[in-house]
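Structural description and commentary
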Amino acid sequence: MQTTQQNNEARTAIKSGFAWDGQDAYLFDIDGTLLRSRDRVHMDSLPATVREVMGLEVSLQGVSLAGNTDTSILREACALAGVPAAVLEPQMAAILKGMCQNVADRRDQLQPILMPGVEETLKHLADRGATLGVATGNLEMIGWIKVERAGLREWFRFGGFSDHFPVRSELVGHAAKKARELAGAEASICVVGDTPRDIEAAHANGLAVIAVATGHFSFEELLEHGPEVCTTTLADLLAATRGKA
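A brief look at the structure comes next. (Residues numbered from 1 in each chain as written. Predicted model: local features only at pLDDT ≥ 70, side-chain atom pairs only at ≥ 80, totals over all residues. Heavy atoms only, no water.)

Moving on, we come to helix H1 (residues 41-54). With 14 residues, H1 ought to run about 20 Å at 1.5 Å a step, and its terminal C-alpha atoms sit 20 Å apart, in line with that. On its buried face, H1 is in contact with helix H2 (70-80), helix H3 (85-88), helix H4 (92-105) and helix H6 (140-149). With its phi angle positive at about 70°, Gly-55 sits one or two positions after the end of H1. (Helix = DSSP H or I, 4+ residues; strand = E, 2+ residues; numbered from the N terminus. Expected span 1.5 Å × (residues − 1). Contact = heavy atoms within 4.5 Å.)

Turning our eyes to something else, we now look at the packing of aromatic side chains. In this structure the tally under the stated criterion is two aromatic pairs. The residue whose ring lies beneath Arg-153 is Trp-144, and the NZ or CZ to ring-centre distance is 3.7 Å. (Phe/Tyr/Trp six-rings, centres within 6.5 Å; stacked < 30°, edge-to-face > 60°. Lys NZ or Arg CZ within 6 Å of the ring centre and 35° of its normal.)

By size, the foremost hydrophobic cluster in this structure holds 30 residues, and its most contacted members are Trp-20, Tyr-26, Phe-28, Leu-34, Phe-156 and Ile-210. Breaking this core down by element, the ones donating at least two residues are strand S3 (25-28), helix H5 (118-127), strand S6 (131-135), H6, strand S8 (189-193), strand S9 (208-212) and helix H10 (234-242). Residues within four places of Phe-156 in sequence aside, it is in contact with Phe-28, Leu-34, Leu-122, Leu-132, Gly-133, Val-134, Trp-144 and Val-147. Leu-46, Val-50, Leu-74 and Leu-139 belong to the second-largest nonpolar core, a separate cluster that totals 24 residues. (Core = buried A, V, L, I, M, F, W, Y, C linked by side-chain atoms within 4.5 Å. Buried < 20%, exposed > 50% of the residue type's maximum accessible area, 1.4 Å probe, protein only.)

This next bit is on the pairing of S3. A two-sided burial pattern is seen for S3, the buried positions comprising Ala-25 and Leu-27 on one face and Tyr-26 and Phe-28 on the other. Judged from the four bridges that link them, S3 and S6 form a sheet pairing that is parallel. Bridging from a neighbouring strand, Ala-25 pairs with Thr-131 of S6. Here four bridges tie S3 to S8, and the two strands are oriented parallel to one another. When the sheet's bridge partners are listed, Leu-27 is paired in S8 with Val-191. (Pairing = 2+ DSSP bridges.)

Before going further, it helps to spend a moment on the pattern of salt bridges. Evaluation of the coordinates by the stated rule reveals 10 salt bridges. Residues Arg-168 and Asp-29 are paired through a salt bridge, measuring 2.8 Å at the closest nitrogen-oxygen approach. Placement of Arg-168 in helix H7 (residues 168-183) and of Asp-29 in the loop between S3 and strand S4 (35-37) is noted, with a sequence separation of 139 residues between them. A relative accessible area of 7% means that Arg-168 is categorised as buried. Of the charged contacts, one joins Arg-168 and Asp-198 as a salt bridge, the two residues approaching to 2.9 Å between their closest N and O atoms. Separated by 30 residues along the polypeptide, Arg-168 in helix H7 and Asp-198 in helix H8 (residues 196-204) bring together distant segments of the chain. (Salt bridge = Lys/Arg side-chain N within 4 Å of Asp/Glu carboxyl O.)

Right under this line is the structure:
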């Protein structure tokens, strides 16, 4: 692994021989990677919808959110609240649909902030002919609403979401299959994410990964999981590549 020290904070490490911007397709995580939210619209939709559908109170306190999926978060929150799986599962579809509608109804309250270098990186990869998609733990409607509100929808052609794939490695695998339908059966695919779960899901599918320390995990914490690229921000990765540091 070749490490480039740009300054006291900006760091980029790239495995020797890996062309981070030379892959055929890229799967971007949303929260913590493309953007962060200044609101609680998405998170508040879960307990509000459970209350509406089931008349029960649940909380996200104690649930690990980073790199998790909406469907898994729902199950974990209900388990912590003492809701038996046999009670929850028949209502899952209604709750997930209600969460999507809740966010759609409040879309004007969403306040996304783009992470550093996101638009420049998307343009850089698209200019090089890459096919761009998302691979996120969000439900599909919620994920696309966030991307649209952030002004990024034009870049992405497809996605993998948690509606039918509660396990992250499965939704990444589904997105990779879609990517190869668009970019070719032998297309090289790279996942871009901000958590160890993104790295693990990518490697579980035999995919390379760019880990970005713009979420809850530090550069050092992500580097321990062996990503092909680890960088403090996408802006820092671009700067290192272009020799602007």
